[in-house]
Amino acid sequence: MNVVFAVKQYISKMIEDSGPGMKVLLMDKETTGIVSMVYTQSEILQKEVYLFERIDSQNREIMKHLKAICFLRPTKENVDYLIQELRRPKYSIYFIYFSNVISKSDVKSLAEADEQEVVAEVQEFYGDYIAVNPHLFSLNILGCCQGRNWDPVQLSRTTQGLTALLLSLKKCPMIRYQLSSEAAKRLAECVKQVITKEYELFEFRRTEVPPLLLILDRCDDAITPLLNQWTYQAMVHELLGINNNRIDLSRVPGISKDLREVVLSAENDEFYANNMYLNFAEIGSNIKNLMEDFQKKKPKEQQKLESIADMKAFVENYPQFKKMSGTVSKHVTVVGELSRLVSERNLLEVSEVEQELACQNDHSSALQNVKRLLQNPKVTEFDAARLVMLYALHYERHSSNSLPGLMMDLRNKGVSEKYRKLVSAVVEYGGKRVRGSDLFSPKDAVAITKQFLKGLKGVENVYTQHQPFLHETLDHLIKGKLKENLYPYLGPSTLRDRPQDIIVFIIGGATYEEALTVYNLNRTTPGVRIVLGGTTVHNTKRQRTRQRHKQREKQAPYEEPDRGLNLRTPGSLPEPEADTQPLSHPGVPPLEF
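In this text, all values refer to a predicted model and were calculated from it rather than measured experimentally.

(A) Region of the structure containing the packing of helix α4 (residues 76-87) against helix α5 (residues 104-113). Where α4 meets α5, the axes come as close as 8 Å, and the angle between the chain directions of the two elements is 20°. In terms of orientation, α4 lies roughly parallel with respect to α5. In this structure, the crossing between α4 and α5 has a hand that is right-handed. Side by side, α4 and α5 meet where V79, L82, I83, L86 and R87 of the first sit next to D106, S109, L110 and A113 of the second. In terms of residue class, the contact of α4 with α5 is made up of 6 nonpolar, 1 polar and 2 charged.

What follows is the structure, given as structure tokens:
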């Protein structure tokens with residue numbers, strides 16, 4: 001189960017089926033992001049796709065020498081745009097692919113509009129989600145619920161994205177959901193309805209052990225998105241933000257123009273693929289090695305070109321040299337900025353206390369350390385509020401709870417009201433009253449013994465002690481110990497054998513820390529394959545936005561910035577990204593369908 005491979009196969013099939021000749025790829029806002037996550041422009045250009053356009057662009061020129069490959073979400077808006085397009089076609093022939101199920105009435109409307117008979121085919125290719133990593137996908141939705149209930153528009157979009165994921169992986173699963181979440185139950189029912197209605201699409205070859213879809217709610221673990229991260233991918237997202245593999249570095253002091261925005265993609269960046277799950281200390285060492293390798297190769301390229309053979313060798317090696325130069329510049333800049341932020345915001349000390357709040361049960365020590373950091377001028381108002389949020393979640397019902405005093409400390413520190421309000425919002429969102437599980441107290445003698453032994457042994461890295469609650473959930477699921485009274489099956493059937501193919505979906509968003517947990521479980525648990533998805537991929541800023549949305553009566557759908565493929569401006573063609581050849585992904589275990 002590899003979601004990047006699944007989407008990439010769809011795009012490849014679209015291009016191959018259109019045959020030889022020059023092509024334009026016609027997309028909408030969402031499918032532009034979907035394609036850009038799995039393909040670089042230079043890769044698609046090699047397949048004779050020379051133009052990338054938006055279906056809603058009003059300034060497209062008539063180019064009858066081009067074939068049009070249309071990859072669109074099956075929305076009413078897109079169908080209307082297509083009808084207009086077919087009535088006055090700008091291209092010679094149209095291959096239309098919808099990213100999800102299209103109604104028969106819409107197909108009929110398209111057929112009636114195709115008076116010039118330019119449509120060669122209409123198909124459904126189920127790439128209706130953002131493939132982030134091979135085992136991680138997102139729907140790029142923030143603010144999916146109104147209070148505890150779904151926003152109807154976002155419920156529909158989430159159902160479509162999740163069923164498309166199942167179709168793309170060729171899975172017809174049994175479904176379990178988090179009982180304490182009405183939203184999880186509602187989504188489970190909607191997915192089941194689609195499977196029942198479109199049963200012919202879900203008639204895949206039956207496996208001995210059926211696949212399993214587990215639907216969870218973010219409110220069951222509000223701790224994980226609040227913690228600072230120390231592995232490369234998670235840390236970049238937490239401190240800089242990742243939007244469809246793009247990182248905005250425009251605010252970095254003294255940044256050069258060509259590094260204002262960079263791409264971090266494991267599919268096309270070998271260093272990133274090898275280091276995305278490593279701790280920050282290891283990244284620093286590996287950056288140094290990368291620099292040394294670059295310096296060794298650099299003088300050779302600058303030698304005099306005294307013969308035809310010298311010139312030929314230079315031309316052959318230049319693309320690789322140029323690519324390595326770009327890789328070095330990019331990662332040195334990113335790691336340098338991460339280091340600056342860690343120092344400027346005193347994040348090592350802040351993170352140590354965060355880990356204590358998340359993993360230990362010593363109230364007196366935790367309170368003392370939080371108070372100490374609130375007095376530290378280097379601790380930002382955002383980080384100060386985050387520490388108090390973690391305290392409020394952990395010690396919500398402690399007999400010596402000192403939350404009022406900490407709130408006064410925040411006020412005295414000058415923390416703005418918008419941050420102080422988040423403390424009560426996070427308790428309302430993911431506090432004891434809401435959670436279906438106990439995040440902090442071991443529930444049985446075995447768990448208490450394990451925690452005691454862990455305390456005696458200490459931990460290898462004080463900044464990465466925390467394990468997401470998802471780890472415990474999946475561990476119990478794999479061992480057949482996940483309680484049915486907490487995570488019931490939808491319908492009468494139950495799974496008797498150990499699950500092999502597991503799709504986990506988190507309403508309210510997953511995190512890169514949870515993605516790392518899934519990556520490690522895939523790597524260390526033979527015979528088990530897990531894919532993780534969520535309405536978004538969180539960092540702390542997105543989590544706090546979600547909590548604010550929870551307090552509103554109605555939310556507007558959140559969309560990622562429209563980045564990825566460079567859509568052309570009128571009269572111009574997009575340039576390929578320099579030397580972006582596909583590379584192996586040694587950091588991720590092979591996952592097969």
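We are not done yet, so read on.
(B) Representation of the side chain of T224. Position of T224 among the secondary structure elements: in the loop between β11 (212-217) and α8 (232-239). Its relative accessible area of 1% is what places T224 among the buried residues.

(C) Fine view of the packing of aromatic side chains. Taken as a whole, this structure holds 11 aromatic pairs when the rule is applied. Ring centres of W230 and Y463 lie 5.7 Å apart, and the angle between their planes is 45°; on these two criteria the pair is classed as tilted. You can see W230 sitting in the loop between β11 and α8 and its partner Y463 sitting in the loop between α17 (445-457) and α18 (469-478), a full 233 residues away along the chain. Since its relative accessible area comes to 22%, Y463 is described here as partly exposed. When the ring of F382 is compared with that of Y419, the centres are 5.9 Å apart and the planes differ by 45°; the resulting orientation is tilted. You can see F382 sitting in helix α14 (residues 381-394) and its partner Y419 sitting in helix α16 (residues 417-430), a full 37 residues away along the chain. Just as F382 is buried, Y419 falls in that class too. Within the aromatic cluster, the residues linked to one another by ring pairs are Y10, Y97 and F125. Lying over the aromatic face of Y39, K8 brings its terminal NZ or CZ to 5.0 Å of the ring centre.

(D) View of the nonpolar core. I215 and I507 are the most contacted members of the largest nonpolar core, which has 157 residues in total. Tallying contributions element by element places α14 first for this core, with 10 residues. Listed in part, the 21 residues of the second largest apolar core include M63, L86, F98 and V118.

(E) Structural view of the pattern of salt bridges. With the rule as written, the count across this model stands at 28 salt bridges. Of the charged contacts, one joins E238 and R386 as a salt bridge, the two residues approaching to 2.8 Å between their closest N and O atoms. Taken together, the residues E238 in helix α8 and R386 in helix α14 connect sequence positions 148 residues apart. When its relative accessible area of 0% is taken as the criterion, R386 is described as buried. For K371, the salt bridge identified is with D409, shortest N-O distance 3.1 Å. You can see K371 sitting in helix α13 (residues 363-374) and its partner D409 sitting in helix α15 (residues 403-413), a full 38 residues away along the chain. Take K371: its relative accessible area is 32%, and that puts it in the partly exposed class. With relative accessibility at 14%, the residue D409 sits in the buried group.

(F) Representation of the pairing of β11 within the structure. Across the 6 residues of β11, 6 count as buried, placing the element largely inside the fold. Residue alternation in β11 divides its side chains into two sets, L212, L214 and L216 and L213, I215 and D217, and both sets are buried. Pairing of strand β10 (residues 174-177) with β11 involves 4 bridges; the strand directions are parallel. Opposite I175, over in β11, you have L213 as the bridge partner. The parallel pair β10 and β11, bridged by helix α7 (residues 182-197), forms a crossover whose chirality is left-handed. As paired elements, β11 and strand β14 (residues 501-507) share 6 bridges and run parallel to each other. Bridging across to β14, L214 finds its partner in V504.

(G) The sheet that holds strand β3 (residues 67-72), seen in detail. The sheet built from 5 strands is open, its strands ordered β2-β1-β3-β4-β5 with parallel pairing. Edge positions in the sheet fall to β2 (49-54) and β5 (119-124), since each has one partner strand and no second. Across the sheet, the axes of successive neighbouring strands diverge by a mean angle of 15°, strand direction being ignored. Bridge count between strand β1 (residues 23-27) and β2: 5 bridges; the pairing is parallel. Note that in β2 the partner of K23 across the bridge is V49. Against the sheet, α4 engages β3, β4 (93-98) and β5, with an angle of about 170° to β4.

(H) Fine view of the environment of L227. In this fold, L227 is placed in the loop between β11 and α8. As for L227 and S351, which are separated by 124 residues in sequence, their C-alpha atoms are 7.3 Å apart. Not counting residues within four places of it along the chain, the set of residues in contact with L227 comprises E238, E354, Q355, A358, R386, L390, H466, E513 and T540.

Calculation criteria
Residues numbered from 1 in each chain as written. Predicted model: local features only at pLDDT ≥ 70, side-chain atom pairs only at ≥ 80, totals over all residues. Heavy atoms only, no water. Axes fitted to C-alpha atoms, helices over the stretch in contact; angles between N-to-C directions. Helix = DSSP H or I, 4+ residues; strand = E, 2+ residues; numbered from the N terminus. Parallel < 35°, antiparallel > 145°, perpendicular 65-115°, else oblique. Left-handed = near helix turned anticlockwise from the far one by under 90°. Contact = heavy atoms within 4.5 Å. Nonpolar A, V, L, I, M, F, W, Y, C, P; charged D, E, K, R; others polar. Buried < 20%, exposed > 50% of the residue type's maximum accessible area, 1.4 Å probe, protein only. Phe/Tyr/Trp six-rings, centres within 6.5 Å; stacked < 30°, edge-to-face > 60°. Lys NZ or Arg CZ within 6 Å of the ring centre and 35° of its normal. Core = buried A, V, L, I, M, F, W, Y, C linked by side-chain atoms within 4.5 Å. Salt bridge = Lys/Arg side-chain N within 4 Å of Asp/Glu carboxyl O. Pairing = 2+ DSSP bridges. Right-handed = clockwise from strand over helix to strand, strands pointing away.

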